[in-house]
Amino acid sequence: MNPNDVNAQPTDSIETTDFDTLVDKAISRRSLLKGAMATGIVGFFTLSPMAKAVADTMASSKLIGFEGIPASTEDAIKLPQGYRHTVLMAWGDPVLPGAPAFDHSGKQTAKDQAMQFGDNTDGMTLFHLKDEAGNIIPDRAVLAVNNEYTNNKIVISADETGSAEDVAKLQAAHGVTIVELKRDSNHQWHYVKDSKMNRRLHANSEFEITGPAAGHDLLKTMADKTGTKALGTINNCANGQTPWETYLTCEENFHNYFGASDAEKLPAELAEFYGAKADESKNKWWKYDDRFDLAKNPNEANRFGWVVEIDPFDPTSTPKKRTALGRIKHENAEVVVNGDGHIVVYMGDDERGEHIYRFVSKNKYQPNNPSANRDLLDEGTLYVAKFNGELGEHDGKGEWIALVHGQNGLTKENGFADQAYILVNTRKAAKHVKATTMDRPEWITHNPSTGQVFCTLTNNKHRGNKENQPLNAANPRQSNHYGQIIRWSAAGNDHTADTFVWDLFLLAGNPTVHPDTLYAGSKNITADNMFNSPDGIGFDKGGRLWVLTDGDMSNEGDFAGQGNNQMLCADPNTAEIRRFLVGPVGCEVTGLTFADDNRAMFVGIQHPTKGFPDYLDGGKPRSSILVITREDGGVIGA
Ligand code: FEO
Ligand code: CA
Ligand code: CA
């Protein structure tokens, strides 16, 4: 969560309405059975995976081999018996050759920070090195990891920036870090300080803008008359990886870094659709760096909000901002190789009432011709999702609407000048075609063995009765503190098809506080595994579904008994859910990747607030990456 995020609002109480009683039936077995038939997702005894789960939810999962752990409010990492963790890297640790060691006094300069691990670890991917024959080297890898935003109080010892040096330091703490990893003879992973493969990309690194909007007038600035050379990547939330082994980093709340010295000059579309304000964010980069002053550089913000592709193996390469994938507050980018070779990328836009998107490449992936894949993400079609269905039922059909100039009303007469305009103003185009408004789409993942796609809808605490965020079949709770996970199957398992069927894999909730309402959650949510605000989500190679939370950790009221943010493991076949990890006080758990053998899991602990990870007197809590292994060296989760 970003404290400056417009979504970060104070908690309000849950109101149960007549409508809630009406729709409560939707998690009944009858509805789920109907859903199974409608979706055609048929498992044993003709029940859908979820319907079967509700029939015998507590049947022991064959996929999950650990005992679920209790909720915790301790300032500690909690794991099941037989698991252990080490800290791989924490904010401020040295990365580039010559970088100084972390200094708990917090006195490191902007220059130091640009050589050290950035703040607020988020999405990450481990890429194994390969030998000359192309075989994976099991104990060597590079890790690409996002540094989403900054804990200003910790990094500059003040909430609000007050000097150019403050801004420079915060800019250097953003972006992406790439480090070499090695596994030692005790099977423990470490990062390699000073490796030539290590790299820091931050708010002043060089990027190329590519794809259909590159070079358009909307991307040109005083400093870059070509509209193709941008400086910086910011608010890098979650991630993706391509089969041609590049890293995708996704720019989320970019608006928070901009302001305007003359409020009259705030670009109207940026304000209306992306929430930019003249002077609200505490970052105030615009006060000390003209590039972020929209009165002086109105197009600079158009150069953020993209998916960026990075070659993690070549520290000299220039990363590319792929405009064909649209400009939104990107969460992650889930890449699927479709059966026919087209590349499909699923993406969520994390804000209340925003949407879920899909990109389909024009050309096909060629596994044996790497140069043909290099720019596959530059040409293709962007779509936005409509989830149809009856309010009260938790399943339905869906369709993808193309965001293509001249189609679906996206014409000059309606204010859409050309395709580049649509890509820069993706949210405006999605609203125009009446895409379904969702409860904050966060990460998306797909099950490689079934093709089903899962998306976390983290929460929507302030829907109100706004016309632009109506209740709908996929987002059925008025005051949705807990969130849900939606999933869909492409028609014919063809991810380029225009239609799909969907259902809700789970509704998070609290059955101990709201036993008789929709806010108890779906039947796979119990007093032993309950949580709120699912955010990160991903499958491991064994087919286990991992869910990471970024929610309310007050452990009171609606959230009583849920404890700190956590990580859960779900069996997608039975929908059984067990709690695997609980994080320390104040953190969200975000970022997930595995070593190829699934015997090491890397997990991010973002913005802890107490003593983690150093527990030094007077020391600073630090965002950190954990490596989790089993004491017996076994597969994680099995
Ligand atoms: Fe960066 Fe939507 O979380
Ligand atoms: Ca979140
Ligand atoms: Ca997130």
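Residues numbered from 1 in each chain as written. Chains lettered and ligands numbered in written order. Predicted model: local features only at pLDDT ≥ 70, side-chain atom pairs only at ≥ 80, totals over all residues. Heavy atoms only, no water.

The protein is annotated in an unreviewed UniProt entry as PhoX family phosphatase of Neptunomonas phycophila.

Asks: What am I meant to see in the pairing of strand β22 (residues 484-490) here?
Replies: Residues in a regular strand point their side chains to alternate faces of the sheet. For β22, a buried count of seven out of seven residues is recorded, marking the element as mostly surrounded by other parts of the structure. Of the two faces of β22, the one lined by Q484, I486, W488 and A490 and the one lined by I485, R487 and S489 are each fully buried. For strand β21 (residues 453-457) and β22, the ladder comprises five bridges, and the chain directions are antiparallel. Note that in β22 the partner of C455 across the bridge is I486. When β22 meets strand β23 (residues 499-507), the two strands line up antiparallel, connected through seven bridges. Its bridge partner being in β23, I486 is matched across the sheet by L504. (Buried < 20%, exposed > 50% of the residue type's maximum accessible area, 1.4 Å probe, protein only. Helix = DSSP H or I, 4+ residues; strand = E, 2+ residues; numbered from the N terminus. Pairing = 2+ DSSP bridges.)

Asks: Please explain the sheet that holds strand β17 (residues 380-387) as it appears in this structure.
Replies: Sheet strands line up and pair through hydrogen bonds in the backbone, either parallel or antiparallel. Spatially, β13-β14-β16-β17-β18-β23-β22-β21-β20 is the arrangement adopted by the nine strands of the open sheet, whose pairing is antiparallel. A strand with exactly one partner marks an edge of an open sheet, and here the two such strands are β13 (330-337) and β20 (441-446). Across the sheet, the mean angle separating the axes of adjacent strands is 30° when strand polarity is ignored. Pairing of β17 with strand β18 (residues 395-402) involves five bridges; the strand directions are antiparallel. Within β18, the position partnered with V384 by the bridge is I401. (Axes fitted to C-alpha atoms, helices over the stretch in contact; angles between N-to-C directions.)

Asks: Sorry, what's going on with the coordination of the calcium ion (ligand 3) here?
Replies: Octahedral metals with six donors have ideal donor angles of 90 or 180 degrees. Tetrahedral metals with four donors have an ideal donor angle of 109.5 degrees. Every protein donor of the calcium ion (ligand 3) is listed here as E331 (OE), E442 (OE), D535 (OD) and D535 (OD), and their distances to the metal cover 2.3 to 2.6 Å. Within one chain, the residues donating to the calcium ion (ligand 3) are spaced in sequence as E-x110-E-x92-D. Here the calcium ion (ligand 3) and the calcium ion (ligand 2) are spaced 3.8 Å apart, and both take E442 as a donor. With E442 in strand β20 and D535 in strand β24 (residues 534-539), this pair connects stretches of sequence that are 93 residues apart. (Donors = N, O, S within 2.8 Å, 3.2 Å for Na, K, Ca; no water.)

Asks: Explain the pattern of salt bridges here, please?
Replies: Pairing of side chains with opposite charge becomes possible as their charged atoms draw close. Enumeration according to the criterion identifies 36 salt bridges in this entry. Where E354 meets K431, a salt bridge forms, and the shortest distance between an N and an O atom there is 3.3 Å. A residue pair is termed long-range when its members are at least 10 positions apart, and E354 in strand β15 (residues 352-354) and K431 in helix α11 (residues 426-432) qualify at 77 residues. Among the residues examined, E354 registers a relative accessible area of 7% and is labelled buried. Look at K431 and you get partly exposed, because its relative accessible area is 31%. Between R578 and E576 there is a salt bridge; the shortest N-O distance is 2.9 Å. This pair shows no difference in class: R578 is buried, exactly as E576 is. Counted as one network, the salt bridges with shared partners bring together K329, D349, E351, E354, R427 and K431. (Salt bridge = Lys/Arg side-chain N within 4 Å of Asp/Glu carboxyl O.)

Asks: Hey, could you run me through the sheet that holds strand β28 (residues 588-594) in this one?
Replies: If you trace the four strands from one edge of the open sheet to the other, you get β1-β30-β29-β28, paired in antiparallel fashion. Every interior strand has two partners, whereas the edge strands, β1 (83-90) and β28, have only one. On average, adjacent strands in this sheet sit at an angle of 30° to one another, irrespective of strand direction. Inspection of the sheet shows β1 paired to strand β30 (residues 624-630) by seven bridges, in the antiparallel sense.

Asks: Would you take a moment to explain the coordination of the calcium ion (ligand 2) for this structure?
Replies: Taken together, E442 (OE), D535 (OD) and D550 (OD) make up the full set of protein donors to the calcium ion (ligand 2), lying 2.3 to 2.4 Å away. Binding-site remark: the calcium ion (ligand 2) is held by donors from one chain whose sequence spacing is E-x92-D-x14-D.

Asks: How should the environment of I64 be read in this particular structure?
Replies: Structurally, the position occupied by I64 is in the loop between α3 (49-55) and β1. Once residues within four sequence positions are removed from consideration, I64 is found in contact with C569, A570, D571, E576, R578 and G637. (Contact = heavy atoms within 4.5 Å.)

Asks: It is not clear to me how the nonpolar core should be interpreted in this structure. Could you clarify?
Replies: In this structure, V345, M347 and L403 are the most contacted members of the largest nonpolar core, which totals 30 residues. Of all the secondary structure elements, the ones that give two or more residues to this core are β10 (247-251), β13, β14 (342-349), β16 (356-364), β17, α10 (419-424) and α11. Not counting the four nearest positions on each side in its chain, V345 is found in contact with L325, A333, E334, V335, Y357, R358, F359 and L377. Counting residues in hydrophobic clusters, the runner-up holds 27 residues, among them W91, F254, L270 and A276. (Core = buried A, V, L, I, M, F, W, Y, C linked by side-chain atoms within 4.5 Å.)

Asks: Before we go on, may I ask you to explain the layout of surface pockets in this structure?
Replies: Over the atoms rolls a probe the size of a water molecule, and its path tells where empty space is left. Each pocket or cavity is described by its volume, and for the largest pocket that value is around 990 Å³. Every residue lining the largest pocket is counted, 35 residues in all, and those nearest its centre are T125, Q241, F539, K541 and T593. When contributions to the lining of the largest pocket are tallied by element, the ones reaching two or more residues are β2 (121-130), β9 (236-241), β13, β20, β24 and β28. Grouping the constituent residues of the lining of the largest pocket by class yields 17 nonpolar, twelve polar and six charged. (1 Å grid on protein atoms, 1.4 Å probe; cavity = no way out; pocket = protein on both sides within 12 Å on 5 of 7 lines; lining within 4 Å. Points joined across faces, edges and corners; volume = space filled by probe spheres on them. Nonpolar A, V, L, I, M, F, W, Y, C, P; charged D, E, K, R; others polar.)

Asks: How do you make sense of the side chain of T177 when you look at a structure like this?
Replies: Within the secondary structure, T177 is located in strand β4 (residues 175-183). A polar contact is formed between the side chain of T177 and the side chain of N147, at a distance of 2.7 Å. T177 has contacts with M89, V95, F117, G118, L143, A144, V145, N147, R199 and R200, leaving out every residue within four places of it along the chain. (Polar contact = N/O pair within 3.5 Å; in protein donor to acceptor, adjacent residues only side chain to side chain.)

Asks: Whenever I open this one, the pairing of β28 confuses me. Can you help?
Replies: Burial analysis of β28 places seven of its seven residues in the buried class, the great majority of the element. In the sheet, β28 pairs with strand β29 (residues 601-606) via five bridges, with the strands oriented antiparallel. Within β29, the position partnered with L592 by the bridge is V603. The turn joining β28 and β29, which pair antiparallel and follow one another in sequence, is formed by six residues; a positive phi near 60° is taken by N598.

Asks: Teacher, can you tell me more about the packing of aromatic side chains here?
Replies: Aromatic rings in a pair are described by how distant their centres are and how their planes are angled relative to each other. This model, assessed by the stated rule, comprises 30 aromatic pairs. An angle of 80° between the planes, with centres 6.4 Å apart, marks the rings of F127 and Y247 as edge-to-face. Here F127 is found in strand β2, whereas its partner Y247 is found in strand β10, with 120 residues between them in sequence. Each member of the pair F127 and Y247 is classed as buried. Each ring, one from F254 and one from Y274, has its centre 5.7 Å from the other, and the planes form 45°; the classification is tilted. Here Y274 lies in helix α7 (residues 268-274) and F254 lies in the loop between β10 and α7, a separation of 20 residues in the sequence. Feature note: the residues Y346, F387, W400, W488, F500 and W502 constitute an aromatic cluster, connected by ring pairs. The ring of F416 carries the charged tip of K428 above its face, separated from the ring centre by 5.5 Å. The aromatic ring of F102 is capped on one face by R622, whose charged end is 3.9 Å from the ring centroid. (Phe/Tyr/Trp six-rings, centres within 6.5 Å; stacked < 30°, edge-to-face > 60°. Lys NZ or Arg CZ within 6 Å of the ring centre and 35° of its normal.)

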